[in-house]
Amino acid sequence: MIEEAAHLEGFLPLSYRTPKERDYVRFLWETFETNVEHGKYQFAFLAYHMLVMSFVYFNIWQIRQIKPEEFATALIGFGKDMEKSLLEATSPFTFHVVSESHVMRFLKLIQCDNGKIGAYTKLVKDRNETAHSNGNIFFSTEAELVIKVREIIRAVTEIQGHSESIIVEGYRRFLLDSADPEVREHAEVADQVREVLIHGSYMSLIDLDFCAQFDIATLADDPNFAGMEALHAEVRKWVDGDDALAA
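Figured I'd write up the structure that's included with this text. Only a predicted model underlies this, so the values are computations on that prediction, with no experimental measurement involved.

## A short note on the nonpolar core
The biggest cluster of nonpolar side chains holds 78 residues, and the ones touching the most others in it are L8, L12, F32, Y48, V103, L107 and L145. Within the residue set of this core, elements represented by two or more residues are α2 (19–37), α3 (41–66), α7 (114–131), α8 (142–178), α9 (189–199), α10 (205–212) and α11 (225–240). Here this core gets 17 residues from one element, more than from any other, and that element is α3.

Spelled out as structure tokens, the structure:
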């Protein structure tokens, strides 16, 4: 059960900008595992749902980072204070100020249609039902929780698939901006990939896999192509498991 649920880890960032963010995600994993081990499946589901919403927030943060104009347009209709808060946010967890049902609408920016948004919103409604004192235990057995976890993983996989094009767009921009060691943030290739791409963009292992599959030959005419090849090779090390990050 825990091993199957752990598939979600591949969708979560390899690194967090602050220890508080890292500790929060670790706390949720520990809470999920402890409740599963003690047969408290309903509480395990609540922790797992919070992990999934964290994934959604990180995904939306990447949209905001890579498509700032589209993101700003999507804020039309929000109150001025909330719009300002989201535009000036310094952490993906700022998105908690938007109701979980409404925050899913940002996924339209990665071409999730209304039908899919409705399915993702239903996961929020399911969480709401289990979190209220309504006299019902919705997950009294491990088998019941497994069914829900599989449903969630399917949804997360679908959302991640929709994000591929925007991740690749951001990666292409990273290669162009980072190819010259004289002007980029870090002289060493490994440092630039780790700090700017992975750490700075909350990249997950699956995000990096999208990057690793990018056809770098499309940039071969750039005068700094050799620098891009070095960066791309470093990304492939991460995907192939040759590197590790002490987050």
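Past the structure itself, the notes keep going.
## Focus on the packing of α8 against α9
Close contact between α8 and α9 brings their axes to 12 Å; oriented N to C, the two are set at 135 degrees. Taken together, the axis directions place α8 and α9 in an arrangement best described as oblique. In terms of crossing hand, the pair formed by α8 and α9 is right-handed. Seen from α8, the contacting residues are Y171, F174 and S178; seen from α9, they are Q192, V193, V196 and L197. The residue makeup of the contact of α8 with α9, split by class, is five nonpolar, two polar and no charged.

## Describing the packing of α2 against α3
Between α2 and α3, the least distance of the axes is 8 Å, while the angle of their chain directions is 155 degrees. With respect to their mutual orientation, α2 and α3 come out roughly antiparallel. At the point where α2 passes α3, the crossing takes the left-handed sense. Here Y24, V25, L28, W29, T31, F32, N35 and V36 of α2 lie close against α3, whose contacting residues are Y41, F43, A44, A47, Y48, M50, L51 and S54. Looking at the contact of α2 with α3 residue by residue, the classes come out as 13 nonpolar, three polar and no charged.

## Points about α10
Listing the buried residues of α10 in full gives D207, L208, F210, C211 and A212. As for α10, its buried residues are in contact with α3, α8, α9 and α11.

## Brief notes about the pattern of salt bridges
Enumeration according to the criterion identifies 13 salt bridges in this entry. In this structure, K122 engages D126 in a salt bridge whose closest nitrogen and oxygen atoms are separated by 3.2 Å. Taken together, the residues span about one helical turn, with K122 and D126 both in helix α7 at a distance of four residues. The class for D126 is buried, based on a relative accessible area of 13%. Linking E151 and K148 is a salt bridge whose minimum nitrogen-to-oxygen distance equals 3.0 Å. With E151 and K148 both in helix α8, this residue pair falls three residues apart, about one helical turn. Judged by relative accessible area, E151 falls into the partly exposed class, the value being 25%. Through salt bridges with shared partners, a single ionic network connects K67, E70, E169 and R173.

## Some words on empty space enclosed by the protein
This model, assessed by the stated rule, comprises three cavities of 30 Å³ or more. As for the largest cavity, its lining consists of F11, F55, F58, N59, Q62, Q160, Y202, S204 and D207. Among the elements that make up the lining of the largest cavity, the one with the highest residue count is α3 (four residues). The class makeup of the residues in the lining of the largest cavity is four nonpolar, four polar and one charged.

## Thoughts on the packing of aromatic side chains
Throughout the structure, instances matching the rule amount to 18 aromatic pairs. Between the aromatic rings of Y16 and F58, the centroid separation amounts to 5.7 Å while the plane-to-plane angle is 55 degrees, which identifies the pairing as tilted. Of this pair, Y16 sits in the loop between α1 (2–5) and α2 while F58 sits in helix α3, and the two are 42 residues apart along the sequence. Considered together, Y16 and F58 belong to a single accessibility category, that of buried residues.

Procedures and definitions
- Sequence order as written defines the numbering, with residues in each chain counted from 1.
- Given that this is a predicted model, residues contribute local features only at a pLDDT of at least 70 and side-chain atom pairs are listed and counted only at 80 or more, while totals for whole chains, interfaces and linings are drawn from all residues.
- Each side-chain value is worked out from all heavy atoms of the structure, with water and hydrogens disregarded.
- We define a nonpolar core as any set of buried Ala, Val, Leu, Ile, Met, Phe, Trp, Tyr and Cys residues linked to one another through side-chain atoms lying within 4.5 Å.
- Here the term buried applies to any residue with accessible area under 20% of the maximum for its type, exposed to any over 50%, and partly exposed to those in between, with areas from a 1.4 Å probe on protein chains only.
- Secondary structure is summarised from DSSP: a helix means a run of H or I of at least four residues, a strand means a run of E of at least two, and numbering begins at the N terminus for each.
- Think of each axis as a best-fit line through the C-alpha atoms, taken over the contacting stretch in the case of a helix, with angles from 0 to 180 degrees between the N-to-C directions.
- For classification, angles of less than 35 degrees are called roughly parallel, those exceeding 145 degrees roughly antiparallel, those between 65 and 115 degrees roughly perpendicular, and all remaining angles oblique.
- Helix crossings are classified by the rotation of the near helix relative to the far one: an anticlockwise turn of less than a right angle makes the crossing left-handed, while a clockwise turn makes it right-handed.
- By the convention used here, residues are in contact when the closest approach between their heavy atoms is within 4.5 Å.
- Asp, Glu, Lys and Arg are counted as charged, while Ala, Val, Leu, Ile, Met, Phe, Trp, Tyr, Cys and Pro are counted as nonpolar; the rest, among them Gly, fall into the polar class.
- The rule for a salt bridge is simple: a side-chain nitrogen of Lys or Arg has to be within 4 Å of a carboxyl oxygen of Asp or Glu.
- Cavities and pockets were defined on a 1 Å grid built over protein atoms only: a cavity is a set of grid points that admits a 1.4 Å probe from which the probe cannot escape, a pocket is an open set flanked by protein on both sides within 12 Å along at least five of seven lines, and lining residues are those with an atom within 4 Å of any such point.
- Grid points are joined across faces, edges and corners, and a volume is the space filled by probe spheres set on the points.
- Two rings from Phe, Tyr or Trp (for Trp, the six-membered ring) form a pair when their centres sit within 6.5 Å of each other. Planes less than 30 degrees apart are called stacked, planes more than 60 degrees apart edge-to-face, and all others tilted.

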